[in-house]
Every structure is written in structure tokens, then in C-alpha cells.
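Below are the chains, spelled out letter by letter.
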Amino acid sequence: MDARRYTQLRGMPVIVVVGGGFAGVAVARRLERRLGPAEARIVLVSRNNYSLFTPMLPEVTSGELEVRHVVTPIREQLHRAQFILADVEAIDIKEHAVRYRHVLTRIVSTQTFDQLVLALGSSTSTFGLPGVAENTWALKTLADADALRNHLVWLLEMADTIADDERREKLLCVTIVGGGFTGVETAGEIAGLFRSVVPLYKNLRANRPKIVLVEAGTALLAGLPAKMGEYSRRVLQRKGVEVVLGDGVAAADEHSLTLQSGRHIATETIVWSAGVKPSPFLAATSLPMDRHGAIRTGRDMRVEGVSGVWALGDCAAIPDGEGGTYPMTAQHAIREGPLCADNLVAALRGTSTQPFVYRALGMMAALGGRKAVAQLPGERVITGFVAWFLWRTYYLLRLPGLERKLRVAFDWTIDLMFPRDTAELRFGARQEERGEEMARHA
Ligand SMILES: Cc1cc2nc3c(=O)[nH]c(=O)nc-3n(C[C@H](O)[C@H](O)[C@H](O)COP(=O)(O)OP(=O)(O)OC[C@H]3O[C@@H](n4cnc5c(N)ncnc54)[C@H](O)[C@@H]3O)c2cc1C
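Keep in mind it's a predicted model, so treat the numbers as computed, not measured. Each chain has its residues counted from 1, following the order in which its sequence is written. For a predicted model such as this one, the threshold for reporting local features is a pLDDT of at least 70, and the threshold for listing and counting side-chain atom pairs is 80 or more; totals across whole chains, interfaces and linings nevertheless cover every residue.

Right, let's get into the overall build of the protein. Scanning the protein from N- to C-terminus turns up 13 helices and 24 strands. A globule of 442 residues ought to have a C-alpha radius of gyration of about 22 Å, and the protein, at 23 Å, matches this closely. Taken along its principal axes, the extent of the C-alpha atoms in the protein is 75 × 50 × 45 Å. Comment: burial labels come from other C-beta atoms within 10 Å of the residue's own C-beta, placed from the backbone, where a count of 20 or more is buried, 12 or fewer is exposed, and between is partly exposed. The buried share of the protein, reckoned over its 442 residues, is 41%. Helix numbers and strand numbers start at the N terminus; a helix is a DSSP run of H or I with at least 4 residues, a strand a run of E with at least 2. Radius of gyration here is computed from C-alpha atoms only, and the compact-globule reference equals 2.2 Å multiplied by the residue count raised to the power 0.38.

So this is what it looks like as C-alpha cells:
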């Protein structure tokens with residue numbers, strides 16, 4: 001008997017949501033509200049037991065925000081849905097089954113479904129450039145941000161300790177690739193971190209760290225009003241960031257970044273924020289994909305040609321009705337979630353579904369030092385302190401739960417009064433390895 005018929009025979013449809021980010025949690029929460037306990041069993045499977053508030057990730061990197069304060073436990077956000085802490089390993093569309101491996105027990109199990117919602121997000125794309133995947137720091141997950149923060153503190157410690165001037169210069173050069181929101185915000189944040197803590201390192205006072213932001217296009221924040229990119233460039237340059245425009249990356253290795261122009265930047269820290277691609281896990285499924293690897297859906301988020309399967313968020317190509325698809329942003333994922341749930345309920349009840357229609361409210365980027373750029377509805381642009389205040393207020397209100405809001409507001413207040421924390425919290429083998437490296441260079 002096929003798995004789907006089995007669940008149906010038991011009477012209650014099973015809805016499985018995979019991915020516990022902005023999109024997946026929004027779907028599960030709406031399903032809980034729309035369906036009574038006797039109407040459906042809702043199961044959410046995700047590899048972390050929290051959802052991550054990515055817009056604040058660059059601030060974790062600079063130590064302005066505490067790691068735990070930008071995540072919200074999934075169980076706190078759900079009331080009735082069952083949560084499974086697992087890595088989804090395979091999806092069998094024909095058999096209506098999801099195979100997953102529990103993160104802690106490593107036990108592999110199968111969950112059958114009547115309806116499946118795919119919200120697996122995206123991962124970093126290095127476009128197959130030589131040495132880039134192996135020699136760069138990503139900024140996509142909480143672990144990435146925490147590791148990068150520790151690394152930045154480590155390199156200051158190392159630069160303060162070693163006697164080799166050439167190596168010190170390389171250590172003190174941080175390169176960020178990608179002049180989109182993440183790259184611009186990260187450059188501003190790292191500049192803020194260095195400004196705050198370098199005075200604590202006596203041997204570094206004469207050797208200021210260098211930050212280089214590399215963008216292949218001719219402007220920062222491409223696709224947004226030119227004024228936003230131009231303002232961001234000026235603010236970052238005033239903070240000492242070298243902004244390289246119109247030069248893409250050719251290759252990277254342990255000691256340098258090579259640009260297409262042939263320029264070599266001597267650096268041991270390259271932050272890669274130049275691209276994302278839909279979850280590569282999906283390539284192994286039989287689902288219809290667009291050329292970027294996103295799942296093709298109808299305007300109601302139902303996967304093209306596959307009944308009972310829905311997709312949304314970064315992993316989905318949802319037509320925008322104007323010949324394109326909606327962008328990969330949290331702003332969209334949060335809004336797609338409730339409508340996807342409503343459409344799924346409509347499908348269960350045999351009523352008609354609705355297309356997703358949304359016009360972005362605008363975009364904002366924080367540049368550090370109480371400056372930001374913001375695009376408002378109607379193509380209006382604001383910059384400086386007012387934009388920064390708007391950025392903080394908007395994202396603070398968007399953070400789920402009062403407790404997180406208070407914690408983040410407290411971190412921001414502390415940051416106004418004291419230098420950033422320079423404790424390097426890294427334990428175990430890597431710490432020893434780095435200690436040995438320091439001893440070699442001292
Ligand atoms: C640094 C950074 C800053 C950003 N800033 C902004 C911003 O300011 N504004 C904005 O609108 N957008 C921003 N974005 C984009 C935004 O984060 C994404 O568009 C949004 O997270 C997409 O939501 P999602 O639910 O589709 O995916 P995600 O939020 O990525 O959620 C996917 C979930 O699926 C889980 N998962 C993935 N694979 C598996 C698997 N095999 N098994 C189990 N679970 C799995 C993941 O752990 C994750 O919980 C930013 C992104 C980054 C990285």
C-alpha cells in the first residue's frame with residue numbers, strides 16, 4: 001500500500017513542513033490557526049531547534065549583538081505542531097515520504113505526508129571559483145557569524161603578538177567579497193569592531209587593520225536606487241574601507257585573493273557574501289527546477305505538476321506575475337508563509353487558492369556608526385541617522401517575541417557605552433592549533 005493512502009486511511013491528513021526558517025515557521029503557525037486539532041497533524045522538520053534572524057547576523061560578527069539573541073527557539077513559536085530536530089536526507093514524491101536523520105540520535109526515520117511544504121532556504125554559492133569555497137568565510141548561519149567573530153578577535157591577538165611585519169600586514173587585511181546588503185553591512189560592522197577594540201592592542205596602534213570590499217559590478221547595492229549605493233560607498237570609505245568596484249574575483253588561496261584584473265590582495269581573511277543558491281539538497285529530488293536550482297511553483301506556491309507539494313521562501317521560484325520571480329528575501333518569505341498555509345487549507349477543503357501578490361516595502365542596509373540607507377515605498381531614499389533609526393526600529397519590531405526584543409535592545413544600549421568584547425571563545429583542538437601557530441610566529 002502506498003504511504004499516502006496509509007496516512008489517509010488513518011483519517012487525519014499529515015502536513016509535513018521542512019525547514020524552520022522565516023518561511024517554514026510562518027506556514028506552520030498559520031496552519032495551527034487555520035486547522036483544528038482533529039483536522040490535520042502538522043509536523044515541522046528542521047536541522048536547528050531555532051530560527052535565525054539573519055538581518056542581524058552582521059552585528060553578531062562584530063560582537064555588537066550576542067549570538068543567542070538573534071535566534072528564537074522553534075518550540076516557543078509553535079503551539080500544537082510536532083517539531084522534529086533532524087536533517088532531511090531524501091524526499092520521495094511518489095511514495096509521499098520524507099526521510100530524515102535525527103540531529104542528536106543520528107537515527108534515520110521516515111515520515112509520510114499527505115501535504116508537503118518545502119521551505120529549505122538557500123546556501124552560499126561560490127560559483128565554482130578556484131580556492132574560494134576552501135579559503136573564505138561564509139556568513140549564512142549562526143555558526144558562520146560566531147566563527148567569524150572569533151576569528152577576527154584571533155587575528156588581532158595574533159597580529160599583536162608576532163614579530164613578522166609582512167605577516168602582520170596580511171593578518172590585518174580583511175577582504176569582503178560582494179557589495180550587496182550583506183557585504184556592505186558586514187564591512188561597516190567589521191570597521192566598527194576594529195575601531196572599538198584596536199586601542200586595546202598596544203602593538204597595533206601603528207598598524208591599523210585594513211578592510212577591502214570587492215564588488216564585481218560598478219556600484220554597491222546593485223538593483224536599488226543609485227543614491228543608496230553611492231552613499232554607502234562614501235560612508236564606508238570615510239570609515240577607512242577600501243571599496244573596489246568593477247573587479248570580480250578570479251581565485252582565492254590561503255594568503256591572497258586574486259581579482260579578474262590581476263590584482264592580488266594579500267589577505268588571510270576573505271568573507272564571501274557574493275551569492276546564494278537555493279538549497280542544493282533539492283537537486284536530488286524529482287521536483288521541477290528553474291535554471292538557478294529553485295523549485296518552480298505556480299503563483300499559489302503549489303509545485304508545478306506535483307499534487308500535494310508546496311514550496312516557498314529562498315528555495316522556490318514563485319512567479320511575480322510580471323515575467324520574473326520573487327526575490328530571495330526574508331521580507332518575502334514571511335509574507336509567503338501565511339498565504340501558502342491558506343492555499344494548502346483551501347486545497348484540503350476543495351476551495352480555490354489565491355496567487356501570491358506582494359510589492360516590497362523597501363530595503364534597508366545598516367552601515368555601522370549610526371548610519372544606514374533605506375529605500376521607502378515610492379522609490380524614496382533616506383540616508384544617515386534617520387535611516388539608521390528606522391532600520392533599528394523596524395528590525396527590533398520584526399524580531400519574534402518580547403524577550404528577544406529586550407535582549408537585543410539591551411545589547412545595543414551596552415554597545416553605546418563600552419568597547420566590544422574581545423574574549424575569543426574557541427575551545428578544543430582549534431584553539432590548540434592556533435596556539436601552536438602563534439608560538440611559531442612569536
Ligand atoms: C547575513 C544575511 C543577512 C540578510 N539580511 C536580510 C535583510 O536585511 N532583509 C531581508 O529581507 N532578507 C535578508 N536576508 C535574506 C533572508 O535571510 C532569506 O531570504 C530568508 O532567510 C529566507 O527564508 P527561508 O525560510 O526561505 O530560508 P531560511 O531562513 O534559510 O530557512 C531555511 C531553514 O531550513 C533548514 N534546513 C535547510 N536544509 C535542511 C535540511 N536538509 N534538513 C532540515 N532542515 C534544513 C535551515 O536550517 C533553516 O532553518 C539575509 C540573509 C543573510 C544570510
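So, next bit.
A few words now on helix 10 (residues 330-349). Helical geometry: 3.6 residues make up each α-helical turn, so side chains three or four residues apart lie on a common side. Working rule for helices: expected span equals 1.5 Å times residues minus one. With 20 residues, helix 10 should cover 28 Å at 1.5 Å per step; its first-to-last C-alpha distance of 29 Å lies within 8% of that length. At any given residue, the bend is defined as the angle formed between two axes, one fitted to the seven residues that end at that position and one fitted to the seven that begin there. Of all the bends found along helix 10, the most pronounced is centred on Glu 336 and spans about 25 degrees, while Pro 338, a proline, follows it within four residues. Listed in full, the buried residues belonging to helix 10 are His 332, Ala 333, Arg 335, Glu 336, Gly 337, Leu 339, Cys 340, Ala 341, Asn 343, Leu 344 and Val 345. Placing C-beta atoms from the backbone, we regard two residues as in contact once those atoms come within 7 Å. If you follow the buried residues of helix 10, they end up packed against strand 1 (14-18), helix 2 (22-34), strand 8 (115-118) and strand 20 (309-311). Looking one or two residues beyond helix 10, the residue adopting positive phi is Gly 350, at roughly 75 degrees.

Next up on the list: the pairing of strand 23 (residues 371-376). Taken across its 6 residues, strand 23 has 5 buried, putting it largely inside the fold. DSSP bridges decide pairing: two strands pair if at least two such bridges lie between them. Hairpin geometry of strand 22 (residues 364-368) and strand 23 is characterised by an intervening segment of 2 residues between the two adjacent antiparallel strands and by a positive phi of about 60 degrees at Gly 369. Here strand 23 pairs with strand 24 (residues 380-384) via 5 bridges, running antiparallel. Bridge assignment links Gln 375 to a residue of strand 24, and that residue is Val 381.

An automatic or database domain assignment supplies the start and end points of every domain. Along its sequence, the protein is organised into domain 1 (3-124 + 277-349) and domain 2 (132-269 + 401-441). Contacts between the two partners involve 18 residues from domain 1 and, on the opposite side, 24 residues from domain 2. Sorting the residues of the side of domain 1 that touches domain 2 by element identifies helix 3 (57-61), strand 4 (71-73) and strand 9 (122-124) as the ones contributing at least two each. With 5 residues, the top contributor of residues to the side of domain 1 that touches domain 2 is helix 3. Ten residues, namely Ala, Val, Leu, Ile, Met, Phe, Trp, Tyr, Cys and Pro, are considered nonpolar, four, namely Asp, Glu, Lys and Arg, are considered charged, and the remaining ones, Gly among them, are considered polar. Its residues assigned to classes, the side of domain 1 that touches domain 2 comprises 7 nonpolar, 7 polar and 4 charged.

Okay, the site of the ligand next. To decide nearness, the C-beta atom of each residue is placed from the backbone, and the residue is near a molecule or strand if that atom lies within 6 Å of it. Of all residues adjacent to the ligand, which total 33 residues, the nearest are Gly 19, Gly 21, Gly 121, Gly 313 and Thr 329. By residue class, the composition of the shell around the ligand is 16 nonpolar, 13 polar and 4 charged.

Moving on, we come to helix 8 (residues 181-197). Between its first and last C-alpha atoms helix 8 spans 24 Å; for 17 residues at 1.5 Å apiece the expected length is 24 Å, and the two agree. The element helix 8 is extensively covered by neighbouring structure, given that 15 of its 17 residues are classed as buried.

On to the sheet that holds strand 16 (residues 264-266), then. As summarised here, the arrangement of the 3 strands in space is 14-15-16, forming an open sheet in which the pairing is antiparallel. Whereas interior strands pair on both sides, the edge strands pair on one side only; in this sheet they are strand 14 (249-252) and strand 16. Shown here is a sheet whose adjacent strand axes are inclined to one another by a mean of 20 degrees, direction ignored. The pairing of strand 14 with strand 15 (residues 256-259) spans 3 bridges and is antiparallel. Following the sheet pairing, Ala 252 is matched in strand 15 by Leu 257. Axis definition: a line fitted to C-alpha atoms, over the contacting stretch in the case of helices. Angles run 0 to 180 degrees between N-to-C directions.

Below, the discussion takes up the environment of Gln 111. Tracing the backbone shows Gln 111 in strand 7 (residues 108-112). As a C-alpha pair, Gln 111 and Gln 77 span 34 residues in sequence and 22 Å in three-dimensional space. Ignoring sequence-local partners within four residues, the contact set of Gln 111 consists of Val 16, Val 43, Ala 97, Val 98 and Tyr 100.

What follows is about the environment of Ile 91. In this structure, Ile 91 sits in strand 5 (residues 82-92). As a C-alpha pair, Ile 91 and Gly 369 span 278 residues in sequence and 46 Å in three-dimensional space.

Spatial ordering of the open sheet is given by 7-6-5-2-1-8-20, a layout of 7 strands whose pairing is mixed. Both outer strands of the open sheet, strand 7 and strand 20, are each paired with one neighbouring strand and no more. On average, each strand axis in the sheet is inclined to that of its neighbour by 35 degrees, with strand direction left out of account. Relative to strand 2 (residues 41-46), helix 2 is tilted by about 165 degrees, and along the sheet it contacts strand 1, strand 2 and strand 8. Sitting on the sheet, helix 10 touches strand 1, strand 8 and strand 20, and the angle it makes with strand 8 is about 165 degrees.

Moving on to the pairing of strand 12 (residues 210-215). Judged from the 5 bridges that link them, strand 11 (residues 173-177) and strand 12 form a sheet pairing that is parallel. In the strand pairing of strand 12, Ile 176 is matched with Leu 213. On the question of chirality, the crossover connecting strand 11 to the parallel strand 12 by way of helix 8 is right-handed. Two strands pair when backbone bridges link them, and strand 12 and strand 13 (residues 241-245) are joined in this way by 5 bridges, in the parallel orientation. Orienting the strands away from the viewer, one traces the path from the first strand over the helix to the second; a clockwise path indicates a right-handed crossover.

Core analysis: the largest hydrophobic core is formed by 64 residues, its most contacted members being Ala 187, Ala 365, Ala 372 and Val 373. Sort the elements by how many residues they give to this core and helix 8 lands first, with 8 residues. Counting residues domain by domain, this core receives three or more from each of domain 1 (3-124 + 277-349) and domain 2 (132-269 + 401-441). Non-local contacts of Val 373, meaning those with residues more than four positions away in its chain, are made with Met 228, Tyr 231, Ser 232, Met 364, Ala 365, Leu 367, Val 381, Thr 383 and Ala 387. Core analysis: the next-biggest nonpolar cluster, separate from the first, contains 53 residues, Ala 97, Ala 119, Cys 340 and Phe 356 among them. The nonpolar core criterion groups buried Ala, Val, Leu, Ile, Met, Phe, Trp, Tyr and Cys residues into a set whenever they are joined through C-beta atoms within 7 Å.

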